[in-house]
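Fold and contact review
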Amino acid sequence: MTLTKAARLALVLAIPGLVLIGCGRKGDLDRPGATTLNTKAPAGTVEEKDTVEDRPFLLDPLL
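Conventions and cut-offs
- Residues numbered from 1 in each chain as written.
- Predicted model: local features only at pLDDT ≥ 70, side-chain atom pairs only at ≥ 80, totals over all residues.
- Heavy atoms only, no water.
- UniProt positions renumbered as here; feature names shortened; annotations may be inferred.
- Helix = DSSP H or I, 4+ residues; strand = E, 2+ residues; numbered from the N terminus.
- Buried < 20%, exposed > 50% of the residue type's maximum accessible area, 1.4 Å probe, protein only.
- Patch = residues over 30% accessible without salt bridge, like charges linked within 9 Å, V, L, I, M, F, W, Y side chains within 5 Å.
- Areas by Shrake-Rupley, 256 points an atom, 1.4 Å probe, with all protein chains shown as cover.
- Salt bridge = Lys/Arg side-chain N within 4 Å of Asp/Glu carboxyl O.

Under an unreviewed UniProt entry, the protein chain has the name Lipoprotein and belongs to Sinorhizobium garamanticum. The heading Subcellular location (unreviewed entry) in the UniProt record of the protein chain holds the text "Cell outer membrane".

Written out as C-alpha cells, the structure is:
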C-alpha cells in the first residue's frame, strides 16, 4: 500500500470518529443541584425548574 493510499484510509477512518466525538447531550452547564437566580419569585422561595424527559440515545451505552 502506498503512502497516499494509507493516508487516505487513515483520514477516511478518522473523520467519522471525530464526528462522533462531537455528539453529546444538551443540558445545563451548572453543577447538579446548583441554585439559579430567579427574579420572578419573591426572595427566600424556591421555584422548581421545568423537568425535561430523559430520552435514550443510541450511543448512551458507550458513555
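Note on placement: Leu59 falls in the segment after helix H1 (3-21). Residue Leu59 is classed as partly exposed on the basis of its relative accessible area of 23%. Once the C-alpha coordinates of Leu59 and Leu20 are considered, the two residues, 39 residues apart in sequence, prove to be 9.3 Å apart.

Moving on to a nonpolar patch on the surface. Among the surface-exposed residues, Met1, Leu9 and Leu13 lie close enough to one another that they form a single nonpolar patch of about 390 Å² accessible area. Following the sequence through the fold, Leu13 ends up in helix H1. With relative accessibility at 61%, the residue Leu13 sits in the exposed group.

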